[in-house]
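As a plain string of letters, each chain reads:
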Amino acid sequence: MTMEATPGGRGGAEQPIRDAATIIVLDRNAHNGPSVLMGQRGASAVFMPSKYVFPGGAVDAADAQARLAGDLPPRSAALLAAEPRIDSQVTPLALAAAALRELAEETGLLTGPPGPAPEGWDHYAGAGLAPDPSALIYMFRAITPPGRPRRFDARFLLLDAERLHGDRNDFSAACDELSHLHWVPLTEARALDLPFITEVALAEVASLLAAAGDGPLALPQSVPFFDNRLATPRFLRIG
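Reading the values: rules and limits
Residues numbered from 1 in each chain as written. Predicted model: local features only at pLDDT ≥ 70, side-chain atom pairs only at ≥ 80, totals over all residues. Heavy atoms only, no water. Helix = DSSP H or I, 4+ residues; strand = E, 2+ residues; numbered from the N terminus. Rg over C-alpha atoms; globule rule 2.2 N^0.38 Å. Buried < 20%, exposed > 50% of the residue type's maximum accessible area, 1.4 Å probe, protein only. Contact = heavy atoms within 4.5 Å. Areas by Shrake-Rupley, 256 points an atom, 1.4 Å probe, with all protein chains shown as cover. Pairing = 2+ DSSP bridges. Salt bridge = Lys/Arg side-chain N within 4 Å of Asp/Glu carboxyl O.

**Comments concerning the overall build of the protein chain**
Then step 1. Each helix and strand in the protein chain was counted, giving five helices and nine strands.
Then step 2. The order of α-helices and β-strands along the protein chain, N terminus first, is β-β-β-β-α-α-α-β-β-β-α-α-β-β.
Then step 3. Its C-alpha atoms give the protein chain a radius of gyration of 17 Å, within 12% of the compact-globule value 18 Å for 239 residues.
Then step 4. Within the protein chain, the proportion of its 239 residues that are buried is 51%.
Then step 5. Considering only residue pairs separated by 6 or more positions, the protein chain has 70% of its internal contacts joining residues 24 or more positions apart.
Then step 6. Accessible surface, the protein chain: about 10,800 Å² in total, of which carbon and sulfur atoms supply 53%.

**Things to note about the pairing of strand E5 (residues 137-143)**
Then step 1. The element E5 is largely enclosed, with a buried count of seven among its seven residues.
Then step 2. Here E5 pairs with strand E8 (residues 223-227) via two bridges, running parallel. Residue pairing across strands places Ala142 opposite Phe226, the latter belonging to E8.

**Here we look at the pattern of salt bridges**
Then step 1. Scanning the entire structure with this criterion turns up 16 salt bridges.
Then step 2. Put simply, Asp60 and Arg101 hold a salt bridge, and the shortest N to O gap is 3.4 Å. With Asp60 in the loop between strand E4 (56-58) and helix H1 (74-81) and Arg101 in helix H2 (residues 92-107), this residue pair connects regions lying 41 residues apart in the sequence.
Then step 3. Given a relative accessible area of 36%, Asp60 falls into the partly exposed group.
Then step 4. Arg101 sits in the buried class, given a relative accessible area of 8%.
Then step 5. A salt bridge links Arg234 to Asp227, with the nearest nitrogen and oxygen atoms 2.6 Å apart.
Then step 6. Each of the salt bridges in this network shares a partner with another, and the network as a whole consists of Asp19, Arg85, Asp87, Arg141, Asp153 and Arg155.

As structure tokens, this is what we get:
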């Protein structure tokens, strides 16, 4: 499930904001240059038809109880816990679990060491792996504006493709929510039919890459936040 709703529904009851997580998997060593994993929504989908998006979706109640193989980096955990909504009790680990679960469901790709899988995580159980959030970098947040038929408070988490288990080009275990799953060079991604928020997230990825140079990606000291809780939007930085 993706994070941004299509326009519409104005004049009706305002939709509740649901906590959600998006995962951006970055392959810095792709032969066409640094690339991100994206897929396309179906043309007949009510929600963002035909748009290219990153894997992701709403946090499920079970994500809060999912047993993961490690902890988030302390800086990512602290930033995820900052700027809470009064109508949400979501935890950083629940957001991390949602991101890794959605990645497994929508692409079939997994990350983590051998170990027990959380209950209901069939992809991980079949591979004998335990999901590991220890390399996730929290880098962006956006709330869907009022007046949309669905609203999400989406946290964007970055994962280095080197952390993936097995063949990163094997999407045979993916569900059918996203089609045309492929690695898109950052230099070409903006030519696709993208939601606005996805374009902004891509710019943040490019900024992190430029800052890192040939070194490791650094955890950001602050995270950009498009806060559309109210009718007047705000742009701020968390941290």
